[in-house]
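Each chain, letter by letter, is given below.
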Amino acid sequence: QVQLVESGGGLVQAGGSLRLSCAASGRTFSSYAMGWFRQAPGKEREFVAAINWSGGVTYYGDSVKGRFTISRDNAKNTVYLQMNSLKPEDTAVYYCAACSGWPCRGYDYWGQGTQVTVSS
């Protein structure tokens, strides 16, 4: 069982930056690949980024490539999403998730989400 808690969301102006954190419970965090997703009102959930268990391999959605960076610290049981050059269309609830395989074909655990709002 893994519990995930996101933090770091908030209100930021376009062009600004935010760093989201996702803290995981349990001793097996380093055995899970991690992902970030987002969902805006009235839209489907969108893949943002994923990272393998060691942090050596990452993938990004096309809409965030070059602006967002996913990373992890297994000693702290935490995965991060650094978001730069934010745009109003990045406004959404951001969720972290954990999967037990790589590449992830389905996610086993989800956090409750953190709101990110980008003003124009």
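(A) Seen up close, the packing of aromatic side chains. On inspection of all chains with the given rule, the structure shows six aromatic pairs. Note on Tyr 59 and Trp 102: the rings are 5.6 Å apart at their centroids and 20 degrees apart in plane angle, and the pair reads as stacked. You can see Tyr 59 sitting in strand 6 (residues 58-60) and its partner Trp 102 sitting in the loop between strand 9 (92-99) and strand 10 (109-110), a full 43 residues away along the chain. You can call Tyr 59 partly exposed: its relative accessible area is 45%. Counting every residue linked through ring pairs, the aromatic cluster contains Phe 37, Phe 47, Tyr 107 and Trp 110. Looking at Arg 45, its charged tip hangs above the ring of Phe 37, at a distance of 5.6 Å from the centre. Over the aromatic face of Phe 29 sits the side chain of Arg 72, whose NZ or CZ is 4.5 Å from the ring centroid.

(B) Region of the structure containing the nonpolar core. Counting residues in hydrophobic clusters, the biggest one holds 29 residues, and the most contacted among them are Leu 4, Met 34, Trp 36, Leu 81, Met 83 and Tyr 94. Looking at this core, the elements with two or more residues in it are strand 3 (18-24), strand 4 (33-39), strand 5 (46-51), strand 7 (68-73), strand 8 (78-83), strand 9 and strand 11 (114-119). Counting residues in each nonpolar core, the second largest holds six residues, with Ala 33, Phe 37, Cys 99 and Tyr 107 among its members.

(C) Looking closely at the environment of Lys 87. Considering the arrangement of structural elements, one finds Lys 87 in the loop between strand 8 and strand 9. With 74 residues separating them along the chain, Lys 87 and Gln 13 place their C-alpha atoms 8.1 Å apart. Setting aside its immediate chain neighbours within four residues, Lys 87 contacts Arg 67 and Val 118.

(D) Structural context of the environment of Tyr 32. Tracing the backbone shows Tyr 32 in the loop between strand 3 and strand 4. A residue is classified by how much of its surface remains accessible, and Tyr 32, at 12% relative accessible area, is buried. Taking the C-alpha atoms as reference points, Tyr 32 and Gly 106, 74 residues apart in sequence, are found 12 Å from one another. The contact partners of Tyr 32, leaving out residues within four places of it in the chain, are Val 2, Trp 53, Arg 72, Ala 98, Cys 99, Ser 100, Asp 108 and Tyr 109.

(E) Molecular detail of the pattern of salt bridges. Enumeration according to the criterion identifies four salt bridges in this entry. Its salt-bridge partner being Lys 65, residue Asp 62 comes within 3.2 Å of it at the nearest N-O pair. Side by side, Asp 62 and Lys 65 carry an identical accessibility label, which is exposed. Note that Arg 67 and Asp 90 form a salt bridge whose closest N and O atoms lie 2.8 Å from each other.

The rules behind each value
The residue count restarts for each chain, going from 1 along the sequence in the order it is written. With pLDDT at 70 or above as the cut-off, local features in this predicted model cover only qualifying residues; side-chain atom pairs require 80 or more to be listed or tallied, and sums for whole chains, interfaces and linings still use all residues. Values shown for side chains rest on all heavy atoms present in the structure; no hydrogens or waters enter the calculation. Any two of the Phe, Tyr and Trp rings considered here, Trp counted by its six-membered ring, make a pair once their centres fall within 6.5 Å; the pair's planes then place it as stacked at under 30 degrees, edge-to-face at over 60, or tilted in between. Here a strand is any run of E in DSSP of at least two residues, a helix any run of H or I of at least four, and the numbering for each starts at the N terminus. Three labels apply to residues, based on accessible area from a 1.4 Å probe with only protein chains included: buried if under 20% of the type maximum, exposed if over 50%, partly exposed otherwise in between. Over a ring means this: the NZ of a Lys or the CZ of an Arg is within 6 Å of the ring centre and within 35 degrees of the ring normal. We call a set of buried Ala, Val, Leu, Ile, Met, Phe, Trp, Tyr and Cys residues a nonpolar core when their side-chain atoms join them within 4.5 Å. We call two residues in contact whenever any of their non-hydrogen atoms come within 4.5 Å of each other. Whenever Lys or Arg places a side-chain nitrogen within 4 Å of a carboxyl oxygen from Asp or Glu, that contact is recorded as a salt bridge.

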